[in-house]
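A structural walkthrough
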Amino acid sequence: MNDLATKIFFTLFTLYAGVLSWLLKTAWSDIQNLKKDIRKIKEDIDRDLDRRFDLFLSQLDAKLDSWWAKIEVNLMNDGRIPPKSRPKKGE
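Notes on the structure follow. Since this is a predicted model, take the numbers as computed values, not measurements.

Reading the values: the criteria
- Residues numbered from 1 in each chain as written.
- Predicted model: local features only at pLDDT ≥ 70, side-chain atom pairs only at ≥ 80, totals over all residues.
- Heavy atoms only, no water.
- Phe/Tyr/Trp six-rings, centres within 6.5 Å; stacked < 30°, edge-to-face > 60°.
- Helix = DSSP H or I, 4+ residues; strand = E, 2+ residues; numbered from the N terminus.
- Buried < 20%, exposed > 50% of the residue type's maximum accessible area, 1.4 Å probe, protein only.
- Patch = residues over 30% accessible without salt bridge, like charges linked within 9 Å, V, L, I, M, F, W, Y side chains within 5 Å.
- Areas by Shrake-Rupley, 256 points an atom, 1.4 Å probe, with all protein chains shown as cover.
- Salt bridge = Lys/Arg side-chain N within 4 Å of Asp/Glu carboxyl O.

**A closer look at the packing of aromatic side chains**
Summed over the entire model, instances satisfying the criterion amount to four aromatic pairs. The interplanar angle of 35 degrees and the centroid separation of 6.4 Å between the aromatic rings of Phe53 and Phe56 together place this pair among those described as tilted. On the criterion of helical spacing, the pair formed by Phe53 and Phe56 is a turn pair, its members being three residues apart in helix H1 (residues 2–78). On the accessibility criterion, Phe56 (45% relative accessible area) is partly exposed. Each ring, one from Trp67 and one from Trp68, has its centre 6.4 Å from the other, and the planes form 55 degrees; the classification is tilted. One aromatic cluster is present, built from ring pairs that chain together Phe9, Phe10 and Phe13.

Rendered as structure tokens:
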């Protein structure tokens, strides 16, 4: 009886080890796939942030240029700085 119980125990243990190793392998592959997905999402976020930051900088440059042009026009109208010289048509 003891020999039969030992055989049953080892058979059950072998089945348990096989199922457990299959579950761990499945979980490990899922984790690796999730890591790839997270890496892809991070790259997409970085790309989107770079694009938005470039757009923000271009808008900021446009606003600063507009602001500076208004200041120059006001200074020229007040007579504090000479008007910009325009190239002559003949030259």
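**Comments concerning a nonpolar patch on the surface**
Side chains of Phe9, Phe10, Phe13, Tyr16, Val19, Leu20, Trp22, Leu23 and Leu24 sit close together on the surface and give an oily, nonpolar patch of about 1,000 Å² of accessible area. Along the chain, the position of Leu24 falls in helix H1.

**Re the pattern of salt bridges**
In total, this model carries four salt bridges according to the counting rule given. A salt bridge links Asp3 to Lys7, with the nearest nitrogen and oxygen atoms 3.8 Å apart. Taken together, the positions of Asp3 and Lys7, both in helix H1 and four residues apart, correspond to about one turn of that helix. Of the two residues, Asp3 and Lys7, neither departs from the other in class, the shared state being exposed. For Asp48, the salt bridge is made with Arg52, and the minimal N-O distance between the two is 3.2 Å. Residue Asp48 and its partner Arg52 are both found in helix H1; the two are separated by four residues, about one turn of the helix. Under the relative-accessibility criterion, Arg52 is labelled exposed at 51%.

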